[in-house]
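Overview (structure and organization)
Residues per chain are reported as follows:
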Amino acid sequence: MIEILSPSEITRARATGALVGRILQTMRERTQVGTNLLEIDEWTKEMILEAGAKSCYVDYAPSFGDGPFGHWICTSVNDAVLHGMPRDQVLADGDLLTLDLAVILDGIASDAAISFVVGQERDPEDTALIETTRRALAAGIEAAGPDARLGDVSHAIGQVLSGAGYPINMDFGGHGIGTTMHQDPHVANDGRPGRGLRLRPGMLLALEPWIMVDTAELVTDPEDGWTLRSVTGARTAHTEHTIAITADGAEIMTLAPGAGS
């Protein structure tokens, strides 16, 4: 299902997006060497409930996961890139962490992700990896707007990722979002311009470029049946915003208050 949100629903989407952005910013500020992933999950739970919002993850049980997710935020470390289930793991200096969060507030969902290095960033490849996903996301947002095609957005993202030399996995990507977290259309991280669905004002899309250093192949962690890791053990990064298609282009919903893109 593809939803076209009303102006009042878009207003509510801004509030949900701001909450997601604020929680992710707070988690980044609190996370340091020695932080346990379960602490991040608990802090996120507290902020979601305090805001009167609802988690999109706790009861989420899609076909690609092993039962309900059961946690409030995805915490993917180093070779983990998607659906990282929080576990009893203490973060070390130099760990590359991705936090991915989706909530529903006042009936509208929002979804975003950030990647950053915990403690001291020593490896230039980590910087390049994270910055490439950020640049790809910015390119996708720039390509989105009324009368653009979905393929234009995917192509813009893919040009940045492949141009930086990273393989692109086409199994998981962005998606429509609205009154529920995952909706049509699927937004691949590469595509052909001028093809696919024509974007319309009122659509919400979650764009999420993610990459692994030397592979496009994923493996599911057998311990939790959820966490997706690079098959080679390579480092990974993932950046995501929810955007609204407007008459003038695309509006980012999930910026933290006072933050830039």
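Conventions adopted
Residues numbered from 1 in each chain as written. Predicted model: local features only at pLDDT ≥ 70, side-chain atom pairs only at ≥ 80, totals over all residues. Heavy atoms only, no water. Helix = DSSP H or I, 4+ residues; strand = E, 2+ residues; numbered from the N terminus. Rg over C-alpha atoms; globule rule 2.2 N^0.38 Å. Contact = heavy atoms within 4.5 Å. Phe/Tyr/Trp six-rings, centres within 6.5 Å; stacked < 30°, edge-to-face > 60°. Buried < 20%, exposed > 50% of the residue type's maximum accessible area, 1.4 Å probe, protein only. 1 Å grid on protein atoms, 1.4 Å probe; cavity = no way out; pocket = protein on both sides within 12 Å on 5 of 7 lines; lining within 4 Å. Points joined across faces, edges and corners; volume = space filled by probe spheres on them. Nonpolar A, V, L, I, M, F, W, Y, C, P; charged D, E, K, R; others polar. Core = buried A, V, L, I, M, F, W, Y, C linked by side-chain atoms within 4.5 Å. Patch = residues over 30% accessible without salt bridge, like charges linked within 9 Å, V, L, I, M, F, W, Y side chains within 5 Å. Areas by Shrake-Rupley, 256 points an atom, 1.4 Å probe, with all protein chains shown as cover. Salt bridge = Lys/Arg side-chain N within 4 Å of Asp/Glu carboxyl O.

Looking at the overall build of the chain
Along its length, the chain carries four helices and 14 strands. For 261 residues, the compact-globule estimate of 2.2 N^0.38 gives 18 Å, and the chain sits close to it at 17 Å. Viewed in the frame of its principal axes, the chain has a C-alpha envelope of about 45 × 45 × 35 Å. In the chain, once contacts between residues fewer than 6 apart in sequence are set aside, the share between residues at least 24 apart is 70%.

Overview of the packing of aromatic side chains
For the structure on display, the rule yields six aromatic pairs. Measuring from ring centre to ring centre gives 5.8 Å for tyrosine 57 and phenylalanine 69, while their planes differ by 70°; the resulting arrangement is edge-to-face. Residue tyrosine 57 is located in the loop between strand E1 (54-55) and strand E2 (74-77), and its partner phenylalanine 69 is located in the loop between E1 and E2; the two are separated by twelve residues in the primary sequence. The residues tyrosine 57 and phenylalanine 69 share a single accessibility class, namely buried. Arranged with centres 5.5 Å apart and planes meeting at 90°, the rings of phenylalanine 64 and phenylalanine 172 form a pair that is edge-to-face. You can see phenylalanine 64 sitting in the loop between E1 and E2 and its partner phenylalanine 172 sitting in the loop between helix H4 (150-163) and strand E6 (174-177), a full 108 residues away along the chain.

Observations concerning the layout of surface pockets
Its volume calculated, the second largest pocket comes out at about 340 Å³. Of all the secondary-structure elements, those providing two or more residues to the lining of the second largest pocket are E6 and strand E7 (183-187). It is E7 that provides the largest number of residues to the lining of the second largest pocket, a total of four residues. Its residues assigned to classes, the lining of the second largest pocket shows eleven nonpolar, seven polar and five charged.

Details of unusual backbone geometry
Note: most residues except glycine have negative phi, and most peptide bonds are trans. The step from aspartate 184 to proline 185 runs through a cis peptide bond, and the omega angle for that step is 5°. Among the secondary structure elements, proline 185 is positioned in strand E7. One non-glycine residue, asparagine 78, lies in the positive phi region at around 60°. Even without being a glycine, histidine 83 presents a positive backbone phi close to 60°. By relative accessible area, histidine 83 is classed as buried at 14%.

Digging into the nonpolar core
Core analysis: the largest hydrophobic core is formed by 25 residues, its most contacted members being Val153, Leu199, Leu205, Leu207, Ile243 and Ile245. For leucine 205, the residues in contact, after removing those within four places along its chain, are Leu150, His175, Gly176, Ile177, Pro185, Val187, Leu199, His241, Thr242, Ile243 and Ile245. Ile73, Leu97, Leu99 and Leu101 belong to the second-largest nonpolar core, a separate cluster that totals 23 residues.

A few points about a nonpolar patch on the surface
A cluster of nonpolar side chains, Ile2, Ile4 and Leu197, forms an exposed patch at the surface whose accessible area comes to about 210 Å². Along the polypeptide, isoleucine 2 turns up in the segment before helix H1 (7-30).

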